[in-house]
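# Examining the three-dimensional arrangement
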Amino acid sequence: MSTQNTNKINDFTIRVATVNGSGSQSANSVLIKSIFYMGIPVAGKNIFPSNIAGLPTWYNIRVSREGYVGMRRDAEILILMNADTFQEDLAQAKPGTVVVFNDKLPQQNMRPDLVYYPMPFNKLVQECCEVSTLRKLVINMIYVGAVAQLLGIDMDKVRHALERQFHNKPKAVELNWKAALCGFEYAKNNVKKNDPYGVLAMDKTTGKIVITGNESAALGALFGGCTVFAWYPITPASSLGESLIDYLAQHRREAEDHQARFAVVQAEDELAALGMAIGAGWAGARAATSTSGPGISLMAEFAGLAYFTEIPVVIFDVQRLGPSTGLPTRTSQGDILFTQFLSHGDTHHLAVIPATPEECFSLSYEAFNLAEEFQTPVFVMSDLDLGMNNWMSDPFTYPKEPFRRGKVLTAEQLEKLGAAGFERYGDPDGDGIPYRTLPGTKHPKAAYFTRGSGHTARATYSEKPEDWKWVLDRIAKKIETAKERLPQPVIEKTSGAKVGLIAYGSTHFALIEARDQLAAQGIKTHYLRIRGLPLNGAVGKFIEECEYVYVVEQNQQGQMMNLMKMNYPALAGRMRSVLHYDGMPIDASNIAQPILKWEGKNL
Amino acid sequence: MTQPATTPPATPVQPKTNRLGLTRQNYTGSPSTLCPGCGHDSVTSSIITACFEVGIDPQQLIKMSGIGCSSKTPAYFMSQSFAFNSVHGRMPSVATGAMLANTDLKCIGISGDGDTASIGLGQFMHLLRRNVPMVYIIDNNGVYGLTKGQFSATADKGSKLKSGLANDFPPIDCCAMAIELKCSFVARSFSGDNKQLVPLIKAALSHKGTALLDVISPCITFNNHEGSTMSYDSVRAHDIPLHEIGFVPAVEPIKAEFDPGTTKDIELPDGSHIRLKKIDRDYDPTNRIGALDTIEKSRSKGEWLTGLLYIREGEPDYNTLMHLSKTPLAHMSEKELRPSETVLKEIMGELM
């Protein structure tokens, strides 16, 4: 590796182009884990089609000694296995890109400014795999071995990653190991390395985990005490429900008879999914549903019902690109405004916005506390990039706080209240939060009539203008109380900075990198990351302390900035929008470049 | 226009208190705000009688409904029971969630023909598929009341609105559909026949799983005219009871004084019995295909065949199928719900 520029060590991106359904996920997962086990920060991004098999798919593996895990548009190493995209992938490569490719692909327009390593994958797979039907699945493992050899990835780590990937399947381990070795040997004996890229072991991943946001949110639901989970399959939210099913089955059964301390329902549609969660929340269970944009659209009526009848429920929205069917396998932050006010009439919902796997965990279990504390729906606003991609993270910390079950009256407490009973929709504490009772409470004064129609503080039907206004205003007061108890924004101040950046959710990782890029150009920035909605005073104060703020979001309409303008109209003149909405995860240059332009600088 | 029959006084003299020591008064609700003479009020009255007589604990019962005239009726009975007047056509999902959350509860759902067969058909069918433990009563009048008289999906083809407009489409028969979907307790009745309806409700309350009661309940204001197949006159003229129905509570000894040739006795899961006395035809309510065939033939003749159309005990209900713990989910403590710190550490270890 003597010819290599050390700057190219542990700092590059590999892009693998394959056909969807060809088993490349396992190969890419092993590749990424092998690098991770070498202690080098690494992140994977799956750019996949809405298709089961046959359409092109790309997988980006970003190796970053600095620990940057956001999206990168450029790739330094291409592994091209798909004939359909071969020419396009080559055309888009930047000069000097390394191209490992299947030598059976038709080679026209081969640019002279790229570094080619053709490999006879079809021939090699015949040599290393006797069973012809399995060849399609193991052919991708050959590039893992070849790339390991070319970059200096430790084959022991590859072996370890394979064993973890196919645990309990020793035959699969051996089959794939043979393929990886075959690729390694071929590269060693036949490829003359002519590029500067490589890896060297570090210690930056020790003690870290690799996990998707959806799995993290499922763990949040498990440790948050979710017992009734109703869902309808939808990309990119399905893996949240599926992970939760696995975790619940393992960790939530009675010791004696293995009966379930949970109920997961695959509902007939998203309306029913939310309806079931609301019914369960009403009856006293910690209940949730998970979905994405189209499901949120269907849930609009029920969301209003839960808001107005004051029923706790958690709604996970793993956002994808819309409107309409949109691009189901592409990411977005396009549901911010819609979920804030979901349903007709004056509704206003609580939301938490995780930015990391750790927050997918901790804000999810917190969502169950908030829902019960405020007796209202709480949205957990994740997205496809955060939810479905693998991320490095510190291990999650066990929740310190006990469950906050909110104001629930028992039969004993009702007895003490005497003949007057309780007001289901009253405000005895002055914080806008009423008391509730749960069905089945053994007391003659426990029951009340839940209805989405007009009602009094005592839950009786009413069409009186003053009753309607009182209840609606009391609910608004409750939401106001909630603002201060929602996850607060995370603020990082930089001495001497005049400009503020405001972002939320999965934009976070690209934003960290963009701040460094801006700093390198002499632009110091403060950073505020929103973690809860409705916005509270801390955001307004931050804007006031900046000359102006750039609000970075992954939607076309500047949805969060519009919320900020509604909340802080006097500060609207200080807000500038940085928007990214083509469905690809946002990358640092998407943020830094427009800001540099505003600031009169060029990269 | 014919007025509905007033409910005849209940058989002999009822005890003043039931097995829980409660009076009938403990089973009543707020005064009805429906039109005087509405069939739904008779159904409500039968529910009160049935629940009082079998001694349903009001504090263990939940009353679920959607939207519409029928869905208002939970306010008119058992005010000591929790009630949820949810959204139009979606009561089944809300009831499903509530019953999963607390398996100790009993549930009566009240819906209408629009709420069930029009806007709510999807959720209704899936509720039946799941066999959610509840009594599902349809107050079926073939017409929308609260929006002033439009057809619903159970209106007969050719039946006319007050304006003279005839319905062009075939009706959805909720009972036939329920039997098709393997619902294990399917009955049809008439709001004006409390002698039939009360024992059917009692039996439904003893059933394990979803018990469907499709109660033809005429709309006095919008569907009680000449030309309507669901007016009081029309329903009375075409009501063909399949059998005389009696209900024998589990606590009473069974007197074997009936003739097995004319009377069928079916045991319900809680030990009570439903007794069906033949009127003028042999009918086997345990024969699914026979039931569908009989319904189809009678409907084609314009008859309303009432009684217990189909029953099959022994099917697992939804809570059983979900393998739920004996402790209701809603009653579980943090200790039972949040796995230990060691478990989290183990999960984290697997992800390293």
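Residues numbered from 1 in each chain as written. Chains lettered and ligands numbered in written order. Predicted model: local features only at pLDDT ≥ 70, side-chain atom pairs only at ≥ 80, totals over all residues. Heavy atoms only, no water.

### Details of the overall build of chain B
Looking only at helices and strands, chain B features 12 helices and 11 strands. Computed over the C-alpha atoms, the radius of gyration of chain B is 21 Å, within 12% of the 20 Å expected from 2.2 N^0.38 for a compact globule of 352 residues. Each of the three principal axes of chain B carries a C-alpha extent, and together these read 75 × 50 × 40 Å. When the 352 residues of chain B are sorted by exposure, 58% land in the buried category. (Helix = DSSP H or I, 4+ residues; strand = E, 2+ residues; numbered from the N terminus. Rg over C-alpha atoms; globule rule 2.2 N^0.38 Å. Buried < 20%, exposed > 50% of the residue type's maximum accessible area, 1.4 Å probe, protein only.)

### Overview of the pairing of strand 11 (residues 304-311) of chain B
Residue and element names in this part refer to chain B. Of all 8 residues in strand 11, 8 are buried; the element is thus mostly enclosed. Across 4 bridges, the pairing between strand 5 (residues 185-190) and strand 11 is antiparallel. Pairing of Val186 across the sheet is with Tyr310, part of strand 11. Where strand 7 (residues 239-241) lies against strand 11, 3 bridges are found, and the strand directions are parallel. The residue bridging Asp239 from the neighbouring strand is Trp304, located in strand 11. (Pairing = 2+ DSSP bridges.)

### Digging into the sheet that holds strand 11 of chain B
Strands sit in the order 16(A)-2(B)-1(B)-3(B)-4(B)-6(B)-5(B)-11(B)-7(B) across an open sheet of 9 strands; the sheet is mixed. Strand pairing shows two members of the sheet lacking a second neighbour, strand 16 (449-451) of chain A together with strand 7 of chain B, which therefore form its edges. Strand-to-strand twist in this sheet, taken as the mean axis angle between neighbours without regard to direction, amounts to 20°. Summarising the sheet, strand 3 (residues 106-112) of chain B and strand 4 (residues 134-140) of chain B pair through 5 bridges and their orientation is parallel. Of the residues in strand 4 of chain B, the one forming a bridge with B:Gly112 is B:Asp139. Along the sheet, helix 3 (residues 91-101) of chain B makes contact with strand 1 (61-65), strand 2 (82-85), strand 3 and strand 4 of chain B, crossing strand 1 of chain B at roughly 160°. (Axes fitted to C-alpha atoms, helices over the stretch in contact; angles between N-to-C directions. Contact = heavy atoms within 4.5 Å.)

### Quick notes on the packing of helix 5 (residues 155-165) of chain A against helix 6 (residues 170-190) of chain A
The description of two packed helices rests on the angle between their axes and on the distance between the axes. Residues and elements named next belong to chain A. It is the contact of helix 5 with helix 6, at a shortest axis distance of 10 Å, that shows an interaxial angle of 155°. In terms of orientation, helix 5 lies roughly antiparallel with respect to helix 6. Viewed along their axes, helix 5 and helix 6 form a crossing whose handedness is right-handed. Along its contact with helix 5, which presents Met155, Val158, Arg159, Leu162 and Glu163, the element helix 6 presents Val173, Glu174, Asn176, Trp177, Ala180, Leu181 and Phe184. When grouped by side-chain class, the residues that make up the contact of helix 5 with helix 6 number 8 nonpolar, 1 polar and 3 charged. (Parallel < 35°, antiparallel > 145°, perpendicular 65-115°, else oblique. Left-handed = near helix turned anticlockwise from the far one by under 90°. Nonpolar A, V, L, I, M, F, W, Y, C, P; charged D, E, K, R; others polar.)

### Describing a nonpolar patch on the surface
Residues and elements named next belong to chain A. Taken together, the side chains of Val131, Leu134 and Leu137 define a hydrophobic patch exposed on the protein surface, amounting to about 220 Å² of accessible area. Tracing the sequence through the fold places Leu137 in helix 4 (residues 132-151). Residue class for Leu137 comes out partly exposed when judged on its relative accessible area of 43%. (Patch = residues over 30% accessible without salt bridge, like charges linked within 9 Å, V, L, I, M, F, W, Y side chains within 5 Å. Areas by Shrake-Rupley, 256 points an atom, 1.4 Å probe, with all protein chains shown as cover. Salt bridge = Lys/Arg side-chain N within 4 Å of Asp/Glu carboxyl O.)

### Focus: the environment of B:Ile289
Summarising the element assignment, B:Ile289 is placed in helix 9 (residues 288-300). Overall, the relative accessible area of 58% leaves B:Ile289 in the exposed class.

### Some thoughts on unusual backbone geometry
Residue and element names in this part refer to chain A. The omega angle of the peptide bond from Gly322 to Pro323 is 15°, so this bond is cis rather than trans. Relative to the elements of secondary structure, Pro323 occurs in the loop between strand 11 (313-321) and strand 12 (327-331). In this chain, Leu533 is followed by Pro534 through a cis amide linkage whose omega measures 0°. Tracing the backbone through its elements, the reader meets Pro534 in the loop between strand 20 (532-533) and helix 18 (537-545). Although it is not a glycine, Ser343 adopts a positive phi angle of roughly 105°. For Ser343, the position within the fold is in the loop between helix 12 (336-340) and strand 13 (350-352). Judged by relative accessible area, Ser343 falls into the buried class, the value being 14%. Phi is positive for Gln375, close to 50°, though the residue is something other than glycine. Among the secondary structure elements, Gln375 is positioned in the loop between helix 13 (357-374) and strand 14 (377-383).

### Observations regarding the packing of helix 1 (residues 39-54) of chain B against helix 7 (residues 194-206) of chain B
All names here are of chain B. Direction vectors running N to C along helix 1 and helix 7 enclose 50°, while the axes themselves pass 9 Å from each other. In terms of orientation, helix 1 and helix 7 fall into the oblique class. Seen along the crossing, helix 1 lies across helix 7 with a hand that is right-handed. On helix 7, the residues that touch Val43, Ser46, Ile47, Thr49, Ala50, Cys51, Glu53 and Val54 of helix 1 are Asn194, Leu197, Val198, Ile201, Lys202 and Leu205.

### A short note on the interface of chain B and chain A
Interface size, as often reported, equals the accessible area lost upon joining of the parts. On the side of chain A, 71 residues touch chain B, which itself brings 55 residues to the contact. Roughly 5,200 Å² is buried in total at the junction of chain B and chain A, and carbon and sulfur atoms are behind 64% of that figure. Summed over the three residues of chain B that lose the most area to chain A, namely B:Phe82, B:Arg338 and B:Met352, the buried surface amounts to 16% of that side. In this structure, A:Asp257 engages B:Lys326 in a salt bridge whose closest nitrogen and oxygen atoms are separated by 3.4 Å. Put simply, chain B and chain A have 23 residue pairs in polar contact (both at pLDDT 80 or more) between them. Among the secondary structure elements, those contributing two or more residues to the side of chain B that touches chain A are strand 1, strand 2, helix 3, helix 5 (121-130), helix 11 (334-337) and helix 12 (341-350) of chain B. Of the residues in the side of chain B that touches chain A, the class split is 27 nonpolar, 19 polar and 9 charged. (Buried area = accessible area lost by both parts, 1.4 Å probe. Polar contact = N/O pair within 3.5 Å; in protein donor to acceptor, adjacent residues only side chain to side chain.)

### Notes on the side chain of A:Asn214
Relative to the elements of secondary structure, A:Asn214 occurs in helix 7 (residues 213-223). Look at A:Asn214 and you get buried, because its relative accessible area is 1%.

### Description of the domain arrangement of chain A
Residue and element names in this part refer to chain A. With domains assigned, chain A is organised as domain 1 (6-190), domain 2 (211-393), domain 3 (411-483) and domain 4 (490-598). Spacing between the C-alpha centres of domain 1 and domain 4 amounts to 36 Å. Taken together, the contacts link 9 residues of domain 1 with 12 residues of domain 4. Carbon and sulfur atoms supply 58% of the area buried between domain 1 and domain 4, which totals about 850 Å² over both sides. Counting the surface domain 1 buries against domain 4, the share from its top three residues, Tyr68, Met71 and Arg73, is 64%. Linking domain 1 to domain 4 there are 3 salt bridges. Taking the shortest distance from any N to any O, the salt bridge between Arg62 and Glu513 comes out at 2.5 Å. Between the two partners, domain 1 and domain 4, sit 4 residue pairs in polar contact (both at pLDDT 80 or more). (Domains from an automatic or database assignment.)

### Observations regarding the nonpolar core
All names here are of chain A. Ranked by internal contacts, the top residues of the largest apolar core, which has 118 residues, are Ile14, Leu219 and Phe316. Beyond its immediate stretch of four places on either side in the chain, Ile14 contacts Leu31, Tyr59, Asn60, Ile61, Ile77, Ile79, Val147 and Leu151. Ranked by size, the runner-up nonpolar core spans 105 residues in total, among them Ala285, Ala303, Leu414 and Cys546. (Core = buried A, V, L, I, M, F, W, Y, C linked by side-chain atoms within 4.5 Å.)

### Describing the environment of A:Ala371
Within the secondary structure layout, A:Ala371 lies in helix 13. Measuring from C-alpha to C-alpha, the distance between A:Ala371 and A:Val313 comes to 5.8 Å, with 58 residues separating the pair along the chain.

### A short note on the packing of aromatic side chains
Overall, the coordinates contain 20 aromatic pairs over all chains when judged by the stated rule. Geometrically, the ring pair formed by A:Trp282 and B:Phe84 is tilted, given 5.2 Å between the ring centres and 55° between the ring planes. On the criterion of chain membership, the pair formed by A:Trp282 in helix 9 (residues 270-282) and B:Phe84 in strand 2 is interchain, its members lying in two chains. Taken as a pair, A:Trp282 and B:Phe84 share a single burial class, namely buried. Here A:Tyr550 and A:Trp598 contribute two aromatic rings whose centre-to-centre distance is 6.1 Å and whose plane-to-plane angle is 65°, an arrangement assigned as edge-to-face. Of the two residues, A:Tyr550 sits in strand 21 (residues 548-553) while A:Trp598 sits in helix 20 (residues 588-598), which places them 48 residues apart along the sequence. Exposure remark for A:Trp598: the relative accessible area of 46% places this residue in the partly exposed category. (Phe/Tyr/Trp six-rings, centres within 6.5 Å; stacked < 30°, edge-to-face > 60°.)

### Structural notes on the sheet that holds strand 1 (residues 11-19) of chain A
All names here are of chain A. In spatial order, the strands read 2-3-1-4-5-6; together these 6 strands make up an open sheet with mixed pairing. Edge positions in the sheet fall to strand 2 (42-47) and strand 6 (115-119), since each has one partner strand and no second. Sheet twist, expressed as the average angle between the axes of neighbouring strands with direction ignored, equals 15°. Relative to strand 6, strand 5 (residues 98-102) is paired through 5 bridges, and the arrangement is parallel. In the strand pairing of strand 6, Phe101 is matched with Pro118. Packing against the sheet, helix 4 makes contact with strand 1, strand 4 (77-80), strand 5 and strand 6, and its axis sits at approximately 160° to strand 1.

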